[in-house]
Amino acid sequence: MSVQPQVVSLEGIEKSKQLAAWSAVDNHVLPEHKIIGIGSGSTVPYVVERILTQGSSVNKDRIFIPTGFQSRQLIISAQLTLGDVSQYPVLDVTIDGADEVDHDLNSIKGGGACQLQEKVLAEAAKTWVMVADYRKNSEVLGTKWKQGIPIEVVPFAYVGVLRRLDSIGSPTAGLRMAKMKAGPVVTDNGNFIIDAPFPEAQMKEPAKLLTELKLITGVVEVGLFCNMAKAAYFGNEDGSVTVKWTGGRVEQISPTQ
Ligand SMILES: O=C(CO)[C@H](O)[C@H](O)COP(=O)(O)O
């Protein structure tokens, strides 16, 4: 049995997320694509929604790889075929959300604490595309997403990592605490998350900062994604979509297109 897409009329931010997701699917998830990565967050359900409209005849031959528990559930509830990246290490395309994207398509990710599996699927994909609403479209990382770079750390090492972060420019870095549970957020991989804000000067060179952070013992993965994306799609309030392409080209897709 196939799941029929339930397309409802949306407004505001949700509409912007849907516009971005639908445009990205229309441009990058082609009938010949068989192994597809599905990212995490609140924008990604619209990616699956649009993929379902491509029909069961094309989707029945596809394998969908999740970036964590949430997207795994999304794939299962859409009755699409679930796969594993260790079984399918090369993906045709992965579409994922983002917390902020700069002018060079570098991004902050990990607002949902999924950045480790997200980065594995981004690297594994021949094409990696981000989808977001207009609030995530930025010039310099950290301008709009102010809570810091999400850093996944081994629990045993978190105090040492915080001390090191302090010494390299992030004295206010802190352990992310759970909302409905006493204690820290625990990732899908059993680790903790530290959110580490850095001054603008360091955020202007995200690849350099990423290298520095990855060298800290106890860090598993850093929510800075540099030089990975082919494009980023942003849904706008007026119904248009802004597409930033690798290399600097910016395209506007008008509401009527
Ligand atoms: O990186 C992520 C999770 O770790 C998400 O992709 C990111 O937080 C964007 O989420 P949303 O689409 O809800 O704004």
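Residues numbered from 1 in each chain as written. Predicted model: local features only at pLDDT ≥ 70, side-chain atom pairs only at ≥ 80, totals over all residues. Heavy atoms only, no water.

Identification of the protein chain as Ribose-5-phosphate isomerase from Steccherinum ochraceum is taken from an unreviewed UniProt entry. For the record of the protein chain, the UniProt heading Sequence similarities (unreviewed entry) holds the text "Belongs to the ribose 5-phosphate isomerase family." Looking at the protein chain in UniProt, the text filed under Catalytic activity (unreviewed entry) is "aldehydo-D-ribose 5-phosphate = D-ribulose 5-phosphate". (UniProt positions renumbered as here; feature names shortened; annotations may be inferred.)

**Concerning the overall build of the protein chain**
Scanning the protein chain from N- to C-terminus turns up eight helices and 14 strands. Expected size for 257 residues packed as a compact globule is a radius of gyration near 18 Å; at 18 Å, the protein chain falls within 12% of this value. Each of the 257 residues in the protein chain was classed as buried or not, and the buried ones make up 53%. In the protein chain, 72% of the contacts between residues at least 6 apart in sequence involve partners at least 24 apart. For the protein chain, the accessible area works out to roughly 11,900 Å², and carbon and sulfur atoms hold 54% of it. Charge centroids of the protein chain, computed over 25 positive and 28 negative side chains, lie 2 Å from each other. (Helix = DSSP H or I, 4+ residues; strand = E, 2+ residues; numbered from the N terminus. Rg over C-alpha atoms; globule rule 2.2 N^0.38 Å. Buried < 20%, exposed > 50% of the residue type's maximum accessible area, 1.4 Å probe, protein only. Contact = heavy atoms within 4.5 Å. Areas by Shrake-Rupley, 256 points an atom, 1.4 Å probe, with all protein chains shown as cover. Lys, Arg positive; Asp, Glu negative; His and termini not counted. Charge placed at Lys NZ, Arg CZ, Asp CG, Glu CD.)

**A word on helix H8 (residues 206-214)**
Turning to H8, its buried residues number three or more, namely Pro206, Leu209, Leu210 and Leu213. Looking straight down H8, one finds its buried side chains confined to an arc of 105°; they lie on one side. If you follow the buried residues of H8, they end up packed against helix H5 (115-124), strand E7 (149-153), helix H6 (158-167), helix H7 (200-203), strand E10 (219-222) and strand E11 (224-225). (Arc of directions from axis to C-beta.)

**So, the site of the ligand**
Around the ligand, the structure places 16 residues, and the nearest of them are Ser40, Ser42, Thr43, Asp99 and Lys136. Contact distances for the ligand include 2.4 Å between an oxygen atom and a side-chain N or O atom of serine 42. One of the backbone N or O atoms of glycine 110 is found 2.9 Å from an oxygen atom in the ligand. Contact with the protein chains removes 91% of the 380 Å² of surface that the ligand exposes when unbound. Classifying every residue of the shell around the ligand by side-chain character gives three nonpolar, eight polar and five charged. (Near = heavy atom within 4 Å. Polar contact = N/O pair within 3.5 Å; in protein donor to acceptor, adjacent residues only side chain to side chain. Nonpolar A, V, L, I, M, F, W, Y, C, P; charged D, E, K, R; others polar.)

**Quick notes on the domain arrangement of the protein chain**
Its domain assignment divides the protein chain into domain 1 (12-139 + 227-253) and domain 2 (149-222). Computed from C-alpha atoms alone, the centre-to-centre distance between domain 1 and domain 2 is 24 Å. Every contact between the two is made by 15 residues of domain 1 and, on the other side, 16 residues of domain 2. Summed over both sides, the interface of domain 1 with domain 2 buries roughly 1,100 Å², with 55% coming from carbon and sulfur. Three residues, Gln115, Leu116 and Lys119, lead the burial of domain 1 against domain 2; their summed loss comes to 45% of the area buried on that side. Where domain 1 touches domain 2, the interface holds one salt bridge. The partner of glutamate 221 in a salt bridge is lysine 119, and the shortest N-O contact between them spans 3.0 Å. When residues in the side of domain 1 that touches domain 2 are grouped by element, the largest group, four residues, is from H5. Classifying every residue of the side of domain 1 that touches domain 2 gives four nonpolar, eight polar and three charged. (Domains from an automatic or database assignment. Buried area = accessible area lost by both parts, 1.4 Å probe. Salt bridge = Lys/Arg side-chain N within 4 Å of Asp/Glu carboxyl O.)

**What about the environment of aspartate 84?**
With respect to the secondary-structure elements, aspartate 84 resides in the loop between helix H4 (69-77) and strand E3 (91-96). On the accessibility criterion, aspartate 84 (38% relative accessible area) is partly exposed. Residues aspartate 84 and isoleucine 65, spaced 19 residues apart in sequence, show a C-alpha to C-alpha distance of 5.6 Å.

**Quick look at the nonpolar core**
For soluble globular proteins, the rule of thumb is that nonpolar side chains tend to be buried together. With 31 residues, the main nonpolar core has Ile38, Val47, Ile51, Ile95 and Tyr233 as its most contacted residues. Among the elements of the structure, helix H1 (12-28), strand E1 (35-38), helix H2 (44-52), H4, E3, strand E6 (125-133), strand E12 (231-235) and strand E13 (241-245) are those that each provide at least two residues to this core. (Core = buried A, V, L, I, M, F, W, Y, C linked by side-chain atoms within 4.5 Å.)

**Concerning the packing of aromatic side chains**
Scanning the entire structure with this criterion turns up three aromatic pairs. Geometrically, the ring pair formed by tryptophan 128 and phenylalanine 225 is stacked, given 5.4 Å between the ring centres and 25° between the ring planes. Remark: phenylalanine 225 occurs in strand E11 and tryptophan 128 occurs in strand E6; sequence separation between them is 97 residues. Residue classification places tryptophan 128 among the buried residues on the basis of a relative accessible area of 1%. Consider the rings of tyrosine 233 and tryptophan 245, whose centres lie 6.3 Å apart with planes at 70°: the pair is edge-to-face. (Phe/Tyr/Trp six-rings, centres within 6.5 Å; stacked < 30°, edge-to-face > 60°.)

**Some words on the packing of H1 against H2**
Following both chains from N to C, one finds H1 and H2 inclined at 50°, their axes separated by 8 Å at the closest point. Between H1 and H2, the angle falls in the class oblique. Remark: the crossing between H1 and H2 carries right-handed chirality. Between H1 and H2, the residues in contact are Glu14, Lys17, Gln18, Ala21, Trp22, Val25 and Asp26 and Tyr46, Val47, Glu49, Arg50 and Ile51, respectively. Classifying every residue of the contact of H1 with H2 gives six nonpolar, one polar and five charged. (Axes fitted to C-alpha atoms, helices over the stretch in contact; angles between N-to-C directions. Parallel < 35°, antiparallel > 145°, perpendicular 65-115°, else oblique. Left-handed = near helix turned anticlockwise from the far one by under 90°.)

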